[in-house]
Amino acid sequence: MTVYPQVRTSADLLKSTIRIEELIPFLHQQKAKSCAIVNTKLYGLLPFWFEMKRAGIHPVVGLTIQLELTEDQSLPLVLYAKTNEGYRNLLKISSSISIRPEQTIPLRWLLAYGKGIAFMIPVLEQQAIWLQQDAESLLKEIMKAYPHEVYIGISRLSDTADLESSAVQLAEKNALPIVATHESLFFNEEDFFAYEVAQAIHTGVKLSDAVKSNKQGNHLLTAEQWQQKFHDQKQWLIQMEMLLLSCQIEINTNNVYMPKFPVGEGETAESLLQQQVVNGLQRRLNMPTLPTHYVERVNYELHVIQSMGYSDYFLIVADFMRFARESQILTGPGRGSSASSLVAFALEITQVDPLQYDLLFERFLNPERITLPDIDIDFLDTRRHEVIQYVAKKYGKQYVAQIITFGTLSAKAVARDVARMFNFESEALEMISKLIPNKHGITLKEAYAMSENLRAWVTAEPIRQKWFQTSLRLEGLPRNASTHAAGVVLSPVPLVDVVPIEEGHDGIFLTQWPMQEVEQNGLLKIDFLGLRNLTILEQIRKSIQFTHNTQINFNQIPFNDEETFELLQNGDTNGIFQLESDGMKNALREIKPTHFLDIVAVNALYRPGPMEFIPMYARRKHKKEQVIMPHPHLTPILEETYGVIIYQEQIMRIANVMAGFSFGQADLLRRAVSKKKRDVLEQQRASFVKGALSKGYTQQAAEEVYALIVRFADYGFPKSHAVAYSVISYQMAYLKANYPVNFYAALLTNATGNPEKLAQTIMEAKARGIEILPPSVNRSMRHFKVESGKIRFSLSAIKGVPQPFMQKLLIAREERQKPFDSIFDLAVTLTTANFNRKIIEPLIKAGALDEFGKDRATLLATIEGAQKQADFVRPGGDDLFEGALLAFGKPKYSETSPMPEKIKLQFEKDVLGFYLSDHPIVKIRSHFPEVTATVQTLAQLKDNTFVKMIGQVREMRQLRTKRGELMAFVQMEDEFGAVSLTVFPKEYEQVVGKIREEGLLYIEGFYEHRFNKQQIKVKQIIIK
């Protein structure tokens, strides 16, 4: 039997290429008895442990560390957890190393955590540094503290053979047992090159520059190779086998570590929660005496929460939500199933009253299926970190951590990374990016199979074939660690007792294990999610407060606003959360919502599968089709959705009403049926029919309704989530309908950096009669702002204007308290340190200096003169400036010919990404009375409508058909946006070689809407 004492896995971030899924079949082939994972962090530990257990191979938890010798030197050491205490100490050792910048451990720390651990000294690694004289004192210290747990590990690699006798002498001198070892870093000998490339990617050093590796022999040994290597020292193999088999630990994943909320003396979490919930509900309903059905529901929920031991959890979440409110950090109305809890509503964790919308608590916490509660919270994404900081400060740094996540080498990433290590030219890198599709989740094998061009490119040269084979070998390996976007863990015990940690950001630790493994270990995860739309809502609210002197409370806006529903009925939903896609707009136009629940329904229905019921919902709503109920008794459940089953909660209610299931049983039914397993379906059908028969329903009625449940189980959407997120949709629609200028200003600010989105939003705002004021050095801010009912263009949206300059400009404006009146005034105030052509030129081209009353050509010609003026007049106050003007006369502009309109517009497009003044098409549109459509009006047309349009060429792609004929795809834009033109060979032949970017076109053709895109099949094209 063979053992593997020193296996590093691919979880060790490019320090190994051994994957567990390949390792286990290999170990079975070698009849391996035991295997130890010895990564440099405890990454990948739990998957390794459980996969080995399932495979019947004895797993050993190890860790490869660096022990401090001097400030510049460290010693390699392999630690094995022999006992459960040793395992817990390994968690602490790994954590200690990972929070130190040096990534090493001092001897005193190691000895403090050494109990239950075996120390294996790999004496011949790192140029046999352990054989140096100054290392012996550390060895003696370890032996003194743990005399029976120190082993000398000897590996037999070709470059260390001559040092083996010294290693044996060291063992004999200190009476230490010798064990045979071999560090495994890659699968087989052929994988050495791929391992070298992985190392190069990890270090960022190209293969041509890398120091030659001495790791050629560090592959997994076969059982035969082990015997051959140590044929003369079989006892070393036996000694290592005994060591690994003596490592007997258990990793228990049945624990639950529920954090504790601090309560006052004589108080319990249960009593405090009860008090806060009752007070909160009285406040929310504005009733000193609560209605009976609210009392019954809240008592039931509290009973379930308390019996499951989750009172502390609710108090903790309520506490940081209170902090967010008091700090004016906007939070979402709820997310997921937590919106179905009345307790969460009472504590202001959510903003949805579940009784108002018939939301079932069991969809969130099911007493018949014990799981950890999962309350996900949306925060303003720019201030989410403040809430996490509050939690860390309140409960203690060692009890709170964010969760790690690992990025892997995807097809395109690995192809490019490997190509860089191969020193491929930039043209080759671009070609690789083009040849591998952007399709999410695509593999290199799939890309190779589906792309003839990729196959041809790869096979053209041997180096490319080697590149491709190496990329295949490395694809999917973990590449880097980062912080999970939302997950935070909170523990009642120091985290290092349960999970290894490492240094994170902003003083908050990071777990070394990803979310699934953290939860598997019984730690409570809370998702703190940043939602961009909450940031937009907050920006609009602040803008309204500033311009209208009105404080908007999002929880008090009316849900029956006519303007809002008119906007939704028209599908005018650009910029509105969840409702922006073309398909969603069409669904809204079809359904024509008149009630908040219609928005909830469309949010739940607009998904693959259930969207087929949108037309039925619309017809029944508008009384164009009879509403047919599956059974009269189901009318109260389904009348809200016109007989269409949309929500999971409806399935649960049907099971409750017809089969007498408790809501807990009904939730289990919903979950089970959605898995579509035949035996489960049969079992649940029998239970449902039996329950229905006992309640007096016929066999036929029971069978039909059960069939309906099975059909809709996949389609069913959690109503709690649909309601909560529809609240945000409605709030944004309300603001767009009632405060459009403020709405568009916030939308434009959030589109900064995306010229196409900016241009579309500006066009839409202009179409609503909102004037966009040009950028101004005197009035523009970093963001788009509302100014006298208009929107002032922002400085941040001008390419080439750096943030430090903007900051300097804004400070200067505040200090002066009067506008700049000339380019010279601006230059002197900002000084030559901030006033130079590179920065000022984009501002002039964007029109930000137009208010000085000079043509843009003159302003551009005067930049150097203004710089000289700034050089001459040192900043020191207006008196100095005025004195200089008196002595040397007022500086003069370098007057020049006015800038042609075409150049002016082109400059605008260069620095803004679009035309701000007026699109060139606007000026010539009146000369084309025959035109029948614009990009804006296309959306209202039916497919195959014949249209006549004018526009400007944005880009063109020419290609050959299978017959070898030339055709083209042209992106044409007018003042309202862009449309794709398909120009077939016959039509293209007339204009081949004449279409130019920025050129003007007149086209005629047939409109169609395909793949969510507007297209014109061109029948005639004239170049203007």
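What counts, and where the lines are drawn
Residues numbered from 1 in each chain as written. Predicted model: local features only at pLDDT ≥ 70, side-chain atom pairs only at ≥ 80, totals over all residues. Heavy atoms only, no water. Helix = DSSP H or I, 4+ residues; strand = E, 2+ residues; numbered from the N terminus. Buried < 20%, exposed > 50% of the residue type's maximum accessible area, 1.4 Å probe, protein only. Contact = heavy atoms within 4.5 Å. Areas by Shrake-Rupley, 256 points an atom, 1.4 Å probe, with all protein chains shown as cover. Lys, Arg positive; Asp, Glu negative; His and termini not counted. Charge placed at Lys NZ, Arg CZ, Asp CG, Glu CD. Salt bridge = Lys/Arg side-chain N within 4 Å of Asp/Glu carboxyl O. 1 Å grid on protein atoms, 1.4 Å probe; cavity = no way out; pocket = protein on both sides within 12 Å on 5 of 7 lines; lining within 4 Å. Points joined across faces, edges and corners; volume = space filled by probe spheres on them. Nonpolar A, V, L, I, M, F, W, Y, C, P; charged D, E, K, R; others polar. Pairing = 2+ DSSP bridges.

**Q** I'd like a description of the overall build of the chain, backed by residues and values.
**A** From N to C terminus, the chain includes 44 helices and 21 strands. For the chain, with 1024 residues in total, the buried portion stands at 54%. Contacts in the chain between residues far apart in sequence, at least 24 positions, make up 71% of those at least 6 positions apart. Entry remark: accessible area of the chain is about 45,900 Å², with carbon and sulfur atoms responsible for 50%. Distance between charge centres in the chain, computed from 116 positive and 117 negative side chains, equals 3 Å.

**Q** Help me get a handle on the environment of P262, residues and values and all.
**A** Inspection of the secondary structure puts P262 in the loop between α10 (234–245) and α11 (269–285). Between the alpha carbons of P262 and Y395 there is a distance of 9.0 Å; along the sequence they are 133 residues apart. With sequence-adjacent residues up to four places away left out, P262 is seen in contact with K394 and Y395.

**Q** If you had to explain the pattern of salt bridges to someone new, which residues and values would you point to?
**A** Tallied over the full model, the rule gives 63 salt bridges. Residue E136 is joined to K173 by a salt bridge in which the shortest nitrogen-to-oxygen separation is 2.7 Å. Of this pair, E136 sits in helix α6 (residues 136–145) while K173 sits in helix α7 (residues 164–173), and the two are 37 residues apart along the sequence. Residue classification places E136 among the buried positions, given a relative accessible area of 17%. A relative accessible area of 59% places K173 in the exposed class.

**Q** Give me the lowdown on empty space enclosed by the protein, citing residues and values where you can.
**A** Enumeration according to the criterion identifies one cavity of 30 Å³ or more in this entry. Empty space within the largest cavity amounts to approximately 30 Å³. Elements with a contribution of two residues or more to the lining of the largest cavity: α42 (920–924), β17 (946–960) and β20 (1000–1010). Along the lines of polarity and charge, the residues of the lining of the largest cavity split into six nonpolar, one polar and one charged.

**Q** Give me the pairing of strand β12 (residues 508–514): which residues, what numbers.
**A** Most of β12 sits out of view: seven of its seven residues are buried. Sheet topology note: the strand β9 (residues 400–408)/β12 ladder contains three bridges and is parallel. Paired with I404 across the strands is P514, a residue of β12. In this structure, strand β11 (residues 501–505) lies alongside β12, joined through three bridges in antiparallel fashion. In the strand pairing of β12, I501 is matched with T511. What sits between β11 and β12 in their antiparallel hairpin is a turn of two residues, with D506 showing a positive phi close to 55 degrees.

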